[in-house]
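The chain contents come next:
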Amino acid sequence: MKTREDVKIINQGLDGEMEVSGYRPCLWKLVLVGVGAVCSGGLLLLLLYWLPEWGVKGTCTHTSLSDAHTLLLRTKDEFRQWFRVRVHRMLAPGRKPFDDLDVKPRSQLANGNFGHQVCSVQDEQLPQEQQVQIQYFTHHSFRYYWNDAIQNFAFYQGLEDVKESCAHIHSEHSRGLTKALQDYRRLFFGENEIAVRVPSLFKLLIKEVLNPFYIFQLFSVVLWTAEDYYYYATAIVFMSVISIATSLYTIRKQYVMLHDMVASHSVVRVSVCRGDKDTEQAMSTELVPGDVIAIPANGMVMPCDAVLFQGTCVVNESMLTGESVPVTKTSLPSSGDEAARRYSMEEHKRHTLFCGTDVIQTRFYAGELVKAVVIRTGFSTEKGQLVRSILHPKPTDFRLYRDAYLFLLCLVGVAGIGFVYTIVLSIMNKVPAKTIIIESLDIITITIPPALPAAMTAGIVYAQRRLKRIGIFCISPQRINMCGQLNLVCFDKTGTLTEDGLDLWGIHRAEHGSFVAPEPGPAEERLVKSAFVACMATCHSLTKIEGELSGDPLDLKMFASTGWILEEPTEEETALHNPLMPTVVRPPKRAITGDGQSQSQVQNMSCELGIVRQFPFSSVLQRMSVVVRRLGDKHMEAFLKGAPEVVAGLCKPHSVPQSFTETLESYTRQGFRVIALAHRQLESKLSWHKVQTLSRDLIETNMEFLGLIVMQNKIKQETAGVLTELRRANIRTLMVTGDNMLTAVSVARDCGMVRPHENVIVADAAPPRDSLPPCITWRYVDKPAQTASDDQTAQILVEEEMYHFALNGRAFAVITEHFPQLIQKLALRATVFARMAPDQKTQLVEVLQGIDYIVGMCGDGANDCGALKRAHSGISLSELEASIASPFTSSTSNISCVPNLIREGRAALITSFCVFKFMALYSIIQYISVILLYWILSNLGDFQFLFIDLVIILIIAFTSEIQLNGLSVTGGHSADACVCVCVYVCVFSFLFGLSSVSLNPAWKDLVRQRPPSSLISGSLLCSVLTQILTCLAFQVLAFYLVQQQSWYETWTPQSDACNVSRPSSFSDRRNGTTSHDHKNIRNYENTSLFYVSSFQYLAVAIVFSKGKPFRQPSYKNWPFMLSCVGLYSFLLFIMLSPISAIDNFLEIVCVPHDWRVTLVIVVAANAVVSFMLEILIVDIILWRLVFRGSQGANGPRESSSGDTPQVANDSWAALFLSRLFCWRNKRPKVLYRHLALELQDDANWPPKPSTVTYAAEAQPHISATL
């Protein structure tokens, strides 16, 4: 018995966390499996192939991981997937890649697993006794090695595994690796390449053919051949071959495209440093973590992740962030507090060059190279992980597919009933045993659609193409369905809700500890030599690329307002100086003649500033700084800019004006973006080289406050309209920004996220200090000096739930740590999150997901990457078609893409449900027909099956967008025949230029109601069940009515059921054959059921192709309407005006005209009942009253002042029906609704104005009035 101690966890705490257990081959189990495989004709092997867990446990016995030959992996997410991997072994001189080895100069390392010399550097090989054997396995492009210390397998990511400080990287890894050590590490990390192997056609064919659907199809073809359905079986085999060939071509083409895309810049020549001075040229595939590479002056595409420790680079990271704005990367700090911190790729991304990014240019010392230490290689890099996520995508829509499998089990049960029914009925009628076996198995092929889950992706294909047409690109198509369920969207502010570019409104300088009057700009002559203008001209990360200034839009606007000029040194100029040749900024030269000319030139020369050192902007620190030297001065100066609160805290108290807080609030309340500037004169003893090694903590202290830059950040034209549309659709919106709190609140009001009559409660949390516990101060930002009547009015608004919470990053961190019981309550009503760091944005998304919100995130991709990836649907505003930043990328630079994405997601989800319902009815209708015909020992004919599948269903599928790939994978006769649907649709699309993509697009408006999130939801099940019962009732009605007709005679093996005025001699000959005699296809019951069921397929297709409120109405889909009219006309024609040739082909008999009219009435009544049941029961009673009413009962209380009489009637009906269904006492399924109900009954929530909540151990929280 395997115990929990035998199961280990790998990737603990990471996304790919898995359970792993070890196994070794067992001889007697292998023998038993071999015998079983022979007896079952190979079916047992197929079962073990489809189920890895059974395959391992059926052939192996459990053992310890250290002795295992085979491992069984199981993911710990909600999907709980199983994987089988084989353990390999290799020989190496050490057990870990970063072990210190005493490798002799002429040693050579051997890999005992691959049978060849991996590192052919020298001539000799280590003695066998000096090498150790290491076990490893490969899973999803990652290699895991056995670690004796933890008695488990571990994955080596790169140099980060050493967990060293920044200073240690400078001292220990700046010299590079010896060739022998590089070869040793390559044993563990492999070649530095992101290898996308294109499988051979034979491997793809085997994998495709062994799909359960094709095995089921093969079984069906054999069965139909034994049943003499030769035409049908031949058509299926032909179409299956074409389908497999098409599928193989498509899959291989995708592999080739991905391979070409990845390989385009994967292998380059690089300069590898050996020691201090020696460099050698090598291929990038030879790099390993710890190697030191030199970045050429003209740049390169990075083949790995590396940290810069010498020099500066300008990098285009659009592949990572979606933003094409160049980013300046500086060298890793080597001294100070920051250098003592442990290196982290996320924390030190401003010093890290990522794989796949383009280094545009470098800045370096004369005679010294720009160098970087390789951190990660291959699939461990950022680019590698993107490719890995494409090669091995995580399953999504788990609930949807789980419900599909549950419904498949229900259909298996229905098929089982039919199976038993057929056997019992056949035995009672003394049918031969061979016929019993064939017909009982045939009922299974009719009932079960084996690939129903795969068919439900049809809507995703259409939605993805429509999204691409409107400029929204997707690298994770399975997330489109999740977009249809979004009920909350987080927005970044700058560049998302507001314009990217900022307009300078003015400057507000400070002198001698007080503010002077605001000024329109810094370009006045008298301000040229001021420290304020010098700070604006130097404190930025701008650079010139091909002669054009490039960089952050805010920096560009700020620098342009000064009118100064930026000049960068050329390579020749740099080579002439020992120190770093600085970037120089200076005022523009003025055309002044005479005596004024020399004076102006002297002034300009004295104003020239060289930027000696730059500390790039950090979203965590919320500031940036530079060290500059004025031409002619002996000392250097430091300039700082950043968030006003942060900058003021780094300045000398006497230099900060007393009115700083009031002045800042006056600007931020108006929605301005405010940036503070500061200045400091450094000691004259600091040399240029010394400055390059100083930490920013030593520079950014004891500053002199210079003043404020006031920027006007205009709201985008589309923002307010989109947010209004989302609010009307009952989709909650909130803002997550790094800007000031009051600015964010002001923007939230201006764009309609917070309406004018709603209050904003700021939760201002403070961490514990001295003996004081952590506390939260609750204040109303919009009314800081309220009167008693104002307080009373605010409280009334709060009681009516017209309030929003607002938090900043500091408060969010304090509340998360010290008030965990409050964070979910705040998240329920919080709308503004200000001064949020990138990792806090990700944490916020997780908190919202923790209370069962389906969360969307929209941002610019720069500081939002983590949140964009973590959200259910993240969309980045970028000009690129795809980036690693998020699953969706919109080329539209405003948030209008969000409602478009939600609309298409809803349409895709509804299409999936339509596929589900149509396939279920498609199988069940045919199942009912066959079951009824079995009662009289009859069946549908060969050409009847072909007509239903290839004429009716093909045309409906092609024109209605019910499904495309979906119908190629249904079950039984109906399913397998429709493999040809894909082929036919492709042919027709090519010939006539038609595409189902454009037939039923999403509905133009976002409505309040959302599509069901589950296939097992009440509305969907009721829809399916009512239609099944309707079809059953009318088929049974036709079956028994025909037997009650005066002209009817019961069929017997001796009777001739076709002896009703049939002029065709061909029919007589066919009726006389043995096959038709024993199958009894031609009879009155068969003819009647064939007509009724043919119309039923059309009826359910129309009923399930509803448009509003999630898709365009079906009547706007003119190909579908024409197809329905054509099919109805054709069926009515052959029913009312029989043609002998068609009757003979379809094996139907002629019946009296009165009976044909009766069948028309039955068919019409069937269509009317189906339509009325779908509209009345599903759309009105269940969806509109019961389910909507139950959501309202469980949700937050809403104002009813605007209720119309119709709404009042609906509410009364909802109350009555929800009581009838015992819904009133049902607990909400989602946590945020449950929290809302709890808070409605909490008299102390929200906290009263001007109160403080303290953290206490004895009780959750206590409040005191200020």
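Note on numbering: residues in each chain are counted from 1, in written sequence order. In view of the model being predicted, local features appear only for residues whose pLDDT reaches at least 70, and side-chain atom pairs are presented and counted only at 80 or more, with totals across whole chains, interfaces and linings using the full set of residues. In computing side-chain properties, one takes all heavy atoms of the structure into account and sets aside hydrogens as well as water.

### As for the overall build of the protein
Item 1. The helix and strand labels rest on DSSP assignments: H or I over at least four residues marks a helix, E over at least two residues marks a strand, and numbering proceeds from the N terminus. When its secondary structure is counted, the protein shows 45 helices and 42 strands.
Item 2. Throughout this description, buried means an accessible area under 20% of the type-specific maximum (1.4 Å probe, protein chains only), exposed means over 50%, and partly exposed covers the range between. Taken across its 1266 residues, the protein has 54% of its residues classed as buried.
Item 3. Note on contacts: a residue pair is in contact if any heavy atoms of the two residues lie within 4.5 Å. Taking as baseline every contact in the protein between residues at least 6 positions apart, the subset at least 24 positions apart corresponds to 74%.
Item 4. Computed with a 1.4 Å probe, the accessible areas rest on the Shrake-Rupley method; for each residue, only the protein chains presented here act as cover. For the protein, the accessible area works out to roughly 54800 Å², and carbon and sulfur atoms hold 57% of it.

### Concerning helix α13 (residues 433-447)
Item 1. To estimate the expected span of a helix, subtract one from its residue number and multiply by 1.5 Å. An ideal rise of 1.5 Å per residue puts 21 Å on 15 residues; α13 measures up with 22 Å between its terminal C-alpha atoms.
Item 2. Buried residues of α13: Ile 436, Ile 438, Glu 439, Ser 440, Asp 442, Ile 443, Thr 445, Ile 446 and Thr 447, and no others.

### Some words on the packing of aromatic side chains
Item 1. The pairing test for Phe, Tyr and Trp rings, Trp by its six-membered ring, is centres within 6.5 Å, and the orientation test on the planes gives stacked under 30 degrees, edge-to-face over 60, and tilted for anything in between. In the structure shown here, the tally under the stated rule is 32 aromatic pairs.
Item 2. Their ring planes at 35 degrees and their centres at 5.5 Å tell us that Tyr 136 and Tyr 145 sit as a pair that is tilted.
Item 3. Given the relative accessible area of 2%, Tyr 136 is considered buried.
Item 4. On the basis of an interplanar angle of 75 degrees and a centroid distance of 5.4 Å, the ring pair of Tyr 184 and Phe 188 is categorised as edge-to-face. On the criterion of helical spacing, the pair formed by Tyr 184 and Phe 188 is a turn pair, its members being four residues apart in helix α5 (residues 179-189).
Item 5. For Tyr 184, a relative accessible area of 0% gives the class buried.
Item 6. Chaining the aromatic ring pairs together yields one cluster made of Phe 137, Phe 142, Tyr 144, Trp 146, Phe 153 and Phe 155.
Item 7. The rule for a charge over a ring is simple: NZ of Lys or CZ of Arg within 6 Å of the ring centre, and within 35 degrees of the ring normal. Taking the ring centre of Phe 142 as reference, the NZ or CZ of Arg 388 above it sits at 3.8 Å.
Item 8. Positioned over the ring face of Tyr 803 is Arg 829, at 4.8 Å from the centre of the ring.

### Digging into unusual backbone geometry
Item 1. Cis geometry is adopted by the peptide bond preceding Pro 1246, which originates at Trp 1245 and carries an omega value of 0 degrees.
Item 2. Structurally, Pro 1246 can be placed in the loop between α45 (1231-1240) and β41 (1251-1255).

### Comments concerning the confidence of the model for the protein
Item 1. When the pLDDT values of the protein are averaged, the result is 77; 79% of them are 70 or greater.
Item 2. The least confident element of the protein is helix α36 (residues 979-992), whose mean pLDDT is 33; the most confident is strand β21 (residues 488-491), at 93.
Item 3. Between residues 575-579, whose pLDDT stays under 50, and residues either more than four places distant or in other chains, the model counts seven contacts.
Item 4. Note that pLDDT drops below 50 for residues 783-789; the model gives that stretch five contacts with residues more than four away or on any other chain. The predictor's confidence in any single residue is recorded as pLDDT, a number from 0 to 100.

### Points about the pattern of salt bridges
Item 1. Within this document, salt bridges are pairs made up of a side-chain nitrogen of Lys or Arg and a carboxyl oxygen of Asp or Glu, the two lying within 4 Å of each other. Applying the stated criterion across every chain yields a total of 29 salt bridges.
Item 2. For Asp 555, the salt bridge identified is with Lys 641, shortest N-O distance 2.3 Å. Linking Asp 555 in helix α19 (residues 553-562) with Lys 641 in strand β30 (residues 637-642), this pair joins segments that are 86 residues apart in sequence. Taken as a pair, Asp 555 and Lys 641 share a single burial class, namely buried.
Item 3. For Glu 645, the salt bridge is made with Arg 835, and the minimal N-O distance between the two is 3.0 Å.

### Here we look at the packing of helix α1 (residues 27-39) against helix α2 (residues 43-50)
Each pair of packed helices can be summarised by the angle the axes make with each other and by the distance between the axes.
Item 1. Under this scheme, a helix contributes an axis fitted over its contacting stretch, all axes are lines through C-alpha atoms, and angles between N-to-C directions fall in the 0 to 180 degree range. Packing of α1 against α2 leaves a shortest axis separation of 6 Å and a crossing angle of 120 degrees. The orientation of α1 with respect to α2, classified from their angle, is oblique. Touching Val 33, Gly 36 and Ala 37 of α1 are Leu 44, Leu 45 and Leu 48, all from α2.
Item 2. Counted by class, the contact of α1 with α2 contains five nonpolar, one polar and no charged residues. An angle below 35 degrees is read as roughly parallel, one above 145 as roughly antiparallel, one from 65 to 115 as roughly perpendicular, and any other as oblique. Each residue gets one label: Ala, Val, Leu, Ile, Met, Phe, Trp, Tyr, Cys and Pro are nonpolar, Asp, Glu, Lys and Arg are charged, and the others, such as Gly, are polar.

### Topic: the pairing of strand β4 (residues 70-75)
Item 1. In terms of residue burial, β4 counts as a mostly covered element, since five of its six residues are buried.
Item 2. Here the rule is simple: two strands pair whenever DSSP picks up at least two bridges between them. Inspection of the sheet shows strand β2 (residues 18-25) paired to β4 by six bridges, in the antiparallel sense. Along β4, the bridge assignment pairs Tyr 23 with Thr 70.
Item 3. Here β4 runs beside strand β5 (residues 82-86); their pairing, made up of five bridges, is antiparallel.

### Focus on the side chain of Lys 329
Item 1. The topology assignment puts Lys 329 in strand β16 (residues 327-329).
Item 2. Of the polar contacts made by the side chain of Lys 329, one reaches the backbone oxygen of Thr 352; its length is 3.0 Å.
Item 3. Those residues in contact with Lys 329, other than ones at most four positions away along the chain, are Leu 308, Gly 311, Thr 312, Cys 313, Val 315, Glu 317, Lys 349, Arg 350, His 351, Thr 352, Leu 353 and Phe 354. As used in this structure description, the phrase polar contact means that two N or O atoms lie within 3.5 Å; if the pair is within protein, one of them must be able to donate a hydrogen and the other to accept it, and residues adjacent in sequence are counted only when both atoms belong to side chains.

### Notes on the pairing of strand β39 (residues 873-877)
Item 1. In terms of burial, β39 is largely enclosed, as five of its five residues are buried.
Item 2. Across the two faces of β39 the burial is the same, with Ser 873, Ile 875 and Leu 877 and Gly 874 and Ser 876 all buried.
Item 3. Taken together, the three bridges between β39 and strand β40 (residues 888-890) define a ladder with parallel strand orientation. Its bridge partner lying in β40, Ile 875 is registered against Phe 888.

### Details of the sheet that holds strand β11 (residues 278-283)
Item 1. In space, the six strands of this open sheet follow the order β11-β10-β12-β19-β14-β17, with antiparallel pairing throughout. Pairing within the sheet leaves two strands with one partner each, and these edge strands are β11 and β17 (352-353).
Item 2. In terms of strand pairing, strand β10 (residues 269-274) meets strand β12 (residues 292-295) through three bridges, oriented antiparallel. Note on β12: the bridge partner recorded for Ser 271 is Ala 294.

### Notes on the environment of Ala 867
Item 1. Mapped onto the elements of the fold, Ala 867 is located in helix α32 (residues 865-870).
Item 2. On the accessibility criterion, Ala 867 (1% relative accessible area) is buried.
Item 3. Along the chain, Ala 867 and Gln 840 lie 27 residues apart, while their C-alpha atoms are 8.6 Å from each other.
Item 4. Not counting chain neighbours up to four residues away, the residues in contact with Ala 867 comprise Lys 841, Thr 842, Val 845 and Met 857.

### Observations regarding a nonpolar patch on the surface
Item 1. Side chains of Leu 47, Tyr 49, Trp 50, Leu 51 and Trp 54 sit close together on the surface and give an oily, nonpolar patch of about 470 Å² of accessible area.
Item 2. At three residues, α2 tops the list of elements feeding residues into the nonpolar patch.
Item 3. For Tyr 49, the position within the fold is in helix α2.
Item 4. Judged by its relative accessible area of 46%, Tyr 49 is partly exposed. To count toward a patch, a residue needs a relative accessible area over 30% and no salt bridge; like charges are then connected within 9 Å, while nonpolar side chains (Val, Leu, Ile, Met, Phe, Trp, Tyr) are connected within 5 Å.

### Thoughts on the sheet that holds strand β23 (residues 514-515)
Working definition: the strands of a sheet are paired by backbone hydrogen bonds and lie parallel or antiparallel to each other.
Item 1. Pairing within the open sheet is antiparallel, and its nine strands lie in the order β23-β22-β32-β31-β30-β29-β28-β27-β26. Where the open sheet ends on each side, the last strands, each with one partner, are β23 and β26 (565-567).
Item 2. Bridge analysis of strand β28 (residues 609-618) against strand β29 (residues 623-630) gives seven bridges, and the strand direction is antiparallel. Paired with Ser 618 across the strands is Arg 623, a residue of β29.

### Focus on the packing of helix α6 (residues 201-209) against helix α8 (residues 230-263)
Item 1. At a minimum axis distance of 10 Å, the contact between α6 and α8 shows a crossing angle of 125 degrees. The pairing of α6 with α8 is recorded here as oblique in orientation. Between α6 and α8 lies a crossing whose hand is right-handed. Where α6 abuts α8, its residues Leu 201, Leu 204, Leu 205, Glu 208 and Val 209 lie against Ile 244, Ser 247, Leu 248, Ile 251, Arg 252 and Tyr 255.
Item 2. Per-class residue counts for the contact of α6 with α8 are eight nonpolar, one polar and two charged. Crossings are classed by handedness, with left-handed meaning an anticlockwise turn of the near helix from the far one by less than a right angle and right-handed meaning a clockwise turn.

### A short note on the environment of Arg 388
Item 1. Residue position: Arg 388 is located in helix α11 (residues 382-391).
Item 2. Arg 388 sits 193 residues away from Ala 195 along the chain, and the two C-alpha atoms are 9.8 Å apart.
Item 3. Arg 388 has contacts with His 139, His 140, Ser 141, Phe 142 and Phe 379, leaving out every residue within four places of it along the chain.
Item 4. Side-chain polar atoms of Arg 388 contact the backbone oxygen of His 140, separated by 2.5 Å.

### Notes on the state of the cysteines
Item 1. To count as a disulfide, a pair of cysteine sulfur atoms needs to be within 2.5 Å. By the definition in use, this model includes zero disulfides.
Item 2. Cysteine Cys 535 is unpaired, with the sulfur of Cys 539 as its nearest cysteine sulfur at 4.8 Å.
Item 3. Residue class for Cys 535 comes out buried when judged on its relative accessible area of 0%.

### Section: the side chain of Gln 182
Item 1. Within the fold, Gln 182 resides in helix α5.
Item 2. Once residues within four sequence positions are removed from consideration, Gln 182 is found in contact with Leu 177, Arg 274, Glu 286, Leu 287, Val 288 and Asp 291.

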